[in-house]
Amino acid sequence: MEFSPDHPGYHDQKYRDHRARIARQALSYRLGQPVPVIGYTEEEQGIWRLINADLAIRHERYACREYLAAADRLALPSDRIPQLGEVSEVLRRETGFMFAPAAGLVGIREFYGSLASHLFLATQYIRHSSFPRFSPEPDMIHEIVGHGTHLCDRRWAEMYELFGRAVRRLTSLAAVKEVSRVFWFTVEYGLVREDGKIKGCGASLLSSPGEMEHFHNAEIKPLDLPAMVGQEYQVEKFQPVLFCADSFAHLENFLGDFLTTVEDREAVPST
């Protein structure tokens with residue numbers, strides 16, 4: 001597994017070897033098999049407990065009602081890292097979705113296309129202990145606290161499936177990238193108005209203590225498809241621009257209209 005020099009775990013060979021073992025298990029996984037059980041270290045368990053407690057405080061203040069209700073149903077443990085397979089069993093019962101292990105980032109068509117089959121490709125590693133409140137890539141905290149909670153809600157699960165169906169019928173990469181850009185600003189970093197207040201609903205936003213404390217400092221715009229598709233975003237910094245729906249139903253209708261009508265097109269602004 002390759003790490004960039006600025007990755008928090010770049011100089012930690014023990015962490016890199018541990019990540020490599022987790023990746024090998026994911027690469028050998030075949031759909032229908034039991035999801036690999038990961039032996040997390042006590043240090044990693046400590047990261048989970050730290051971030052879980054941190055997020056719980058911020059969710060009470062900043063998370064939308066739909067997220068909080070889904071989190072209650074998912075009931076993630078606060079004292080240990082849950083195994084991906086046990087979380088997947090809850091999702092299967094609630095919405096029909098399942099987690100499948102991924103060694104790392106997967107191709108854009110593979111990731112989104114799998115959603116049409118009620119399958120979410122997720123990593124199983126935990127971020128490096130030197131930066132417990134930040135991860136430069138998706139890890140188990142992001143996957144299950146963010147997306148896992150979404151997928152325990154039928155309304156969110158239907159939107160994820162719509163993303164998958166849209167990507168499966170599109171033939172141009174430019175159109176798929178447009179869908180991905182909308183996913184970023186809604187599913188990952190979406191906001192929604194609730195009782196006159198702006199609340200977080202996106203998976204990346206609600207799995208990051210820092211993002212939750214920062215999002216009110218961003219430029220917050222109403223849902224607008226051309227603006228969203230043309231907006232650049234940052235992967236390793238707080239988002240400077242976010243988009244807010246007038247209600248959760250407004251977000252559903254916005255995504256439903258877009259995902260059922262998006263057509264193949266030649267180009268999309270690059271990030």
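The structure we're discussing is the one just above.
Residues numbered from 1 in each chain as written. Predicted model: local features only at pLDDT ≥ 70, side-chain atom pairs only at ≥ 80, totals over all residues. Heavy atoms only, no water.

*Asks:* Help me understand the packing of aromatic side chains, please; the structure alone is not making it clear to me.
*Replies:* Aromatic rings in a pair are described by how distant their centres are and how their planes are angled relative to each other. Evaluation of the coordinates by the stated rule reveals 17 aromatic pairs. Judged by centre distance (6.0 Å) and plane angle (80 degrees), the ring pair of Y160 and F183 falls under edge-to-face. You can see Y160 sitting in helix α7 (residues 154-169) and its partner F183 sitting in helix α8 (residues 173-188), a full 23 residues away along the chain. Like Y160, the residue F183 is buried in the burial classification. Through a chain of ring-to-ring contacts, three or more aromatic side chains come together here, namely F97, F99, F111, Y112, F120, W156, Y160, F163, F183 and F248. When the ring centre of Y125 is taken as reference, the NZ or CZ atom of R19 above it lies at 3.5 Å. (Phe/Tyr/Trp six-rings, centres within 6.5 Å; stacked < 30°, edge-to-face > 60°. Helix = DSSP H or I, 4+ residues; strand = E, 2+ residues; numbered from the N terminus. Buried < 20%, exposed > 50% of the residue type's maximum accessible area, 1.4 Å probe, protein only. Lys NZ or Arg CZ within 6 Å of the ring centre and 35° of its normal.)

*Asks:* Just to check I follow, could you spell out the sheet that holds strand β6 (residues 241-245) for this structure?
*Replies:* Across a sheet, strands are paired by hydrogen bonds formed along the backbone, either parallel or antiparallel in direction. Read across the sheet, four strands follow the order β4-β3-β6-β5 without closing on themselves; strand pairing throughout is mixed. For this open sheet the edge positions go to β4 (197-200) and β5 (219-222), each flanked by a neighbour on one side alone. Direction aside, neighbouring strands of the sheet carry axes that sit 40 degrees apart on average. Two elements, β5 and β6, share four bridges in a ladder whose sense is parallel. Note that in β6 the partner of K221 across the bridge is F243. (Pairing = 2+ DSSP bridges. Axes fitted to C-alpha atoms, helices over the stretch in contact; angles between N-to-C directions.)

*Asks:* How should I be thinking about the pattern of salt bridges in this particular structure?
*Replies:* Evaluated as defined, the whole model comprises 16 salt bridges. Across the salt bridge formed by R65 and E194, the nearest N and O atoms sit 3.8 Å from each other. Here R65, found in helix α3 (residues 65-74), pairs with E194, found in strand β3 (residues 191-194); they are 129 residues apart in sequence, far enough to count as distant. Note on E194: relative accessible area 10%, which makes it buried. R73 is the salt-bridge partner of D153, the closest N and O atoms lying 3.3 Å from each other. A residue pair is termed long-range when its members are at least 10 positions apart, and D153 in the loop between α6 (140-150) and α7 and R73 in helix α3 qualify at 80 residues. (Salt bridge = Lys/Arg side-chain N within 4 Å of Asp/Glu carboxyl O.)

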